[in-house]
Amino acid sequence: MAKEKMQRIHGLDATRAIMMMLGVVLHMGLSYITAPPGNTWPLRDGASSPIMDMLIFFIHTFRMPVFFVIAGFFSHFLWSYRGAKAFAENRVKRIVIPFLVSWIFLYPAVKYSMNYGVTGTFELANGLLNFGLQTPGVLVHLWFLYFLILIYAVSLLFIKFEDMLEPLRAKTLQVFDSLITSPLRVLWFAFPTFFLLLPHGYLFTSTSIVPEIATFGTYGFFFLFGCLLFARKEHIKVFDEKVGLNLLLGFVFLVPNLMAIVKLKSEGIDTFALKSIAALTGSLLTWFFIFGIIGLLNRVFSRENKVIRYLVDASYWIYLIHLPICLLFASLLKPVEMSLWFKFFIGVAGTYFLTIGSYQLFVRYTIIGEYLHGRKQRPSPSTEAVVVPGSVKA
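Residues numbered from 1 in each chain as written. Predicted model: local features only at pLDDT ≥ 70, side-chain atom pairs only at ≥ 80, totals over all residues. Heavy atoms only, no water.

K.L.:
So what about the packing of helix H1 (residues 10–29) against helix H11 (residues 340–362)? Which residues, and what values?
P.N.:
It is the contact of H1 with H11, at a shortest axis distance of 10 Å, that shows an interaxial angle of 145°. Along this stretch, H1 crosses H11, giving a crossing that reads as right-handed. Between H1, through Met21, Leu22, Val24, Val25, Met28 and Gly29, and H11, the contact on the second element is made entirely by Lys343, Phe344, Gly347, Val348, Thr351 and Tyr352. Within the contact of H1 with H11, the residues separate by chemical class into eight nonpolar, three polar and one charged. (Axes fitted to C-alpha atoms, helices over the stretch in contact; angles between N-to-C directions. Helix = DSSP H or I, 4+ residues; strand = E, 2+ residues; numbered from the N terminus. Left-handed = near helix turned anticlockwise from the far one by under 90°. Contact = heavy atoms within 4.5 Å. Nonpolar A, V, L, I, M, F, W, Y, C, P; charged D, E, K, R; others polar.)

K.L.:
Any details on helix H2 (residues 50–82)? Residues and values, ideally.
P.N.:
Helix length check: H2, at 33 residues, gives a terminal C-alpha distance of 48 Å against a target of 48 Å (1.5 Å per residue), a fit within 8%. Taken as a whole, H2 carries its principal kink of about 25° at histidine 60. Of all 33 residues that make up H2, 25 are buried, and the element is covered over most of its length. Once H2 finishes, glycine 83 follows within two positions and takes phi at roughly 95°, a positive value. (Expected span 1.5 Å × (residues − 1). Bend = angle between axes of the 7 residues up to and from the residue. Buried < 20%, exposed > 50% of the residue type's maximum accessible area, 1.4 Å probe, protein only.)

K.L.:
Go over the confidence of the model for the protein chain with me, naming the residues and quoting the values.
P.N.:
Any residue range with low pLDDT should be treated as having predicted coordinates unsuitable for detailed reading. Per-residue pLDDT for the protein chain averages 91, and the proportion of residues at 70 or more is 94%. When mean pLDDT is compared element by element in the protein chain, H11 scores highest at 98, while helix H8 (residues 243–265) scores lowest at 94. (pLDDT = per-residue confidence, 0-100.)

K.L.:
Break down the environment of phenylalanine 230 for me, citing the residues and quoting the values.
P.N.:
Inspection of the secondary structure puts phenylalanine 230 in helix H7 (residues 213–231). In sequence terms phenylalanine 230 and alanine 314 are 84 residues apart; their C-alpha atoms lie 25 Å from each other.

K.L.:
An account of the nonpolar core is requested, with residue identities and associated values reported.
P.N.:
Core analysis: the largest hydrophobic core is formed by 124 residues, its most contacted members being Phe68, Phe144, Phe225 and Trp287. Among the elements that take part in this core, helix H10 (residues 306–333) stands out by supplying 18 residues, more than any other. In this view, tryptophan 287 contacts Val186, Phe189, Ala190, Thr193, Phe221, Phe222 and Phe225; residues no more than four positions away in its chain are not counted. (Core = buried A, V, L, I, M, F, W, Y, C linked by side-chain atoms within 4.5 Å.)

K.L.:
Give me the pattern of salt bridges: which residues, what numbers.
P.N.:
Where side chains of opposite charge bring their charged atoms close, a pairing between them can arise. For the structure shown, the criterion picks out 13 salt bridges. As a salt-bridge pair, arginine 232 and aspartate 177 come within 3.0 Å of each other at their nearest N and O atoms. Of the two residues, arginine 232 sits in the loop between H7 and H8 while aspartate 177 sits in helix H5 (residues 166–180), which places them 55 residues apart along the sequence. In this structure, arginine 375 engages glutamate 370 in a salt bridge whose closest nitrogen and oxygen atoms are separated by 3.3 Å. With a relative accessible area of 62%, arginine 375 lands in the exposed category. Beyond isolated ion pairs, a larger network of salt bridges with shared partners links Asp13, Arg16, Arg309, Asp313, Arg364 and Lys376. (Salt bridge = Lys/Arg side-chain N within 4 Å of Asp/Glu carboxyl O.)

K.L.:
I'd love a proper account of helix H9 (residues 272–300), names of residues and values included.
P.N.:
For the α-helix, the turn length of 3.6 residues means that residues three or four positions removed from each other point alike. The terminal C-alpha atoms of H9 lie 41 Å apart, and with 29 residues this matches the ideal 42 Å at 1.5 Å per residue to within 8%. For H9, the buried fraction is high: 22 of the 29 residues fall into the buried class.

Right, here's the structure in full:
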């Protein structure tokens, strides 16, 4: 395959990083929602607000779908630029090794931090290694890296047989051209997403070693869309069309989707009709938000910015280590008498401060940073600019 000149796409870079960094907001907020505690997130503060439920639900509807679209785009970008062998080596270095090393430390850190927030002690009733292949929560927040590794493995199989599959690829791209240039593009891409969401009725998070098939297929579909988008990158301009309308329609479908999911999860009304309504509205709002949010952020961050560039580099590390820090903030603030919004703000700001600070001190110019984003040369004291981070890579 002809190699293409690699150029940084600032808007998509920033979008990927923002999706990563929103994980801090989402996970900090989970301790303040009104929904009853579950097995994977039993920590609850005494204070809660339905507004927090809506904020967390809103972020969940688009964050990982957008991330997997961007991941697919840049994966195809990397393969086209470097070839299959270098692509595989790069993914092992950037994704597989960080996943394995991080999980060894972060799984116990998350378990102990969560237990401290719930019971006030670090002692685990069932032990640290008491899990099986289908135990929920084992992958903690690293499940998306695990999904990427599985998707990369499938992608490499397709690459190995790319000559044999060339007719299928050509036909797929022809269909993609027709769909993404259609004024009804959201409906076309929401159609298969509806069937992928139907088993649960909503965008499920699979955190066990054996992934839930429909969930894996859903994120695989978003990744495939990103790959096809790179292959037809001239169509990126469609994201600039009707950004406001796409965002507005996403919010319109958010309300009935939330109502249907509340009945499914909280009220226990598990009917095919209700799941169909939830899956239909969920698939539509997800694709309206994918087109609207990528279009918006691509406009806002179309030019290079040193602060954003710094945060793009830092965001992978921020996401890797943020969860036990969020949990400890929620645990320590739990007995404090103050507004939940002050607690939430302190937790979010404190987590960003600690993660960005540790990135600058221990990651950016070290072997850790080399694995996460590539080697960075430490600037000389006379030329180093002071960067004040405030939000956002993968």
